[in-house]
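For reference, the chains in residue letters:
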Amino acid sequence: MAYKTCDWCGRSYKPMFSADRDAGNAFADAMGLGIGIKAIGGIARLAGKRNFCSKACKLAYENSKNGGGSSNPESSDGNSSVQESGGGMGGLGSMFGSVFSSAGDEMKSVLNQKKENKAKTEEIINLKFETTSEGLQNQIQNLFTQISSLPRFKTPDQKALYNAIKEKLEFGIMKLNSSGASAEADFFQKKFDKLK
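All values reported here derive from a predicted model rather than from experimental measurement.

Caption draft 1: Representation of the overall build of the chain. On a plain count of helices and strands, the chain comes out with 8 helices and 2 strands. Its helices and strands taken in sequence order, the chain reads β-β-α-α-α-α-α-α-α-α from the N to the C terminus. Looking at the chain as a whole, 24% of its 196 residues qualify as buried. Restricting the contact set of the chain to residue pairs at least 6 apart, pairs at least 24 apart contribute 59%. For the chain, the accessible area works out to roughly 13400 Å², and carbon and sulfur atoms hold 56% of it.

Caption draft 2: Inspection of the nonpolar core at higher detail. Core analysis: the largest hydrophobic core is formed by 19 residues, its most contacted members being I140, F144, I165, L169 and L176. Counting only elements with at least two residues in this core, the list comes to α6 (133-148), α7 (156-178) and α8 (182-195). Core analysis: the next-biggest nonpolar cluster, separate from the first, contains 8 residues, C6, F52, A60 and Y61 among them.

Caption draft 3: Up close: the packing of α7 against α8. Two elements in contact, α7 and α8, have axes separated by 8 Å at closest approach and are oriented at 155°. Our classification of the angle between α7 and α8 gives roughly antiparallel. For the element pair α7 and α8, the recorded crossing hand is left-handed. Mapping the contact onto sequence places Y162, K166, L169, E170, I173, L176 and N177 in α7 and S182, E184, A185, F188, Q189, F192 and L195 in α8.

Caption draft 4: View of the packing of aromatic side chains. On inspection of all chains with the given rule, the structure shows 3 aromatic pairs. A ring pair is formed by F129 and F171, whose centres lie 5.9 Å apart and whose planes are at 40°; its orientation type is tilted. Within this pair, whereas F129 is found in the loop between α5 (90-125) and α6, its partner F171 is found in helix α7, the two being separated by 42 residues in sequence. Overall, F129 belongs to the buried group, its relative accessible area being 10%. For F171, a relative accessible area of 41% translates into the label partly exposed. Note on F144 and F188: the rings are 5.9 Å apart at their centroids and 15° apart in plane angle, and the pair reads as stacked.

Conventions adopted
Residues numbered from 1 in each chain as written. Predicted model: local features only at pLDDT ≥ 70, side-chain atom pairs only at ≥ 80, totals over all residues. Heavy atoms only, no water. Helix = DSSP H or I, 4+ residues; strand = E, 2+ residues; numbered from the N terminus. Buried < 20%, exposed > 50% of the residue type's maximum accessible area, 1.4 Å probe, protein only. Contact = heavy atoms within 4.5 Å. Areas by Shrake-Rupley, 256 points an atom, 1.4 Å probe, with all protein chains shown as cover. Core = buried A, V, L, I, M, F, W, Y, C linked by side-chain atoms within 4.5 Å. Axes fitted to C-alpha atoms, helices over the stretch in contact; angles between N-to-C directions. Parallel < 35°, antiparallel > 145°, perpendicular 65-115°, else oblique. Left-handed = near helix turned anticlockwise from the far one by under 90°. Phe/Tyr/Trp six-rings, centres within 6.5 Å; stacked < 30°, edge-to-face > 60°.

Below, the structure is given as structure tokens:
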């Protein structure tokens with residue numbers, strides 16, 4: 001792949017995605033068509049096609065063309081703007097940086113969700129039922145609300161939470177029935193049977 005010269009800063013760089021174009025140029029040269037293609041390339045450059053080693057150079061060129069920036073590519077400390085932006089890798093690096101950043105955020109979210117599910121499972125396991133019928137009914141209803149908020153297809157930690165809630169519901173319904181509230185226990189038992 002041939003090196004190009006940046007039309008803004010004059011730096012030589014190797015284009016990232018021009019391998020197919022360079023292969024096409026080599027094929028054209030082998031077929032004797034290279035002179036015509038080179039002439040067309042020169043016309044394209046005159047028509048406004050420019051080579052830039054980085055987005056910063058392209059932006060600086062466009063700003064100078066529009067009168068918005070200086071034509072000097074050197075910054076105030078003497079370093080080139082290309083060096084500040086990372087040259088030809090500036091755009092690609094920022095793209096990969098954002099991909100890795102979003103993957104890292106997704107991984108943090110998954111880990112936080114696992115921690116939350118584990119904490120909820122521990123809370124359900126350690127739940128002590130009320131002694132009054134009304135208190136038991138409120139706790140059982142709360143457990144039904146929690147179990148219904150879980151997705152249909154569960155991760156292993158969600159499945160552990162689901163199973164812990166089911167066991168507590170079963171015990172709570174039995175305790176409600178033994179406290180004399182058999183009508184309420186039958187109501188919750190019917191809801192529980194639909195879970196299976």
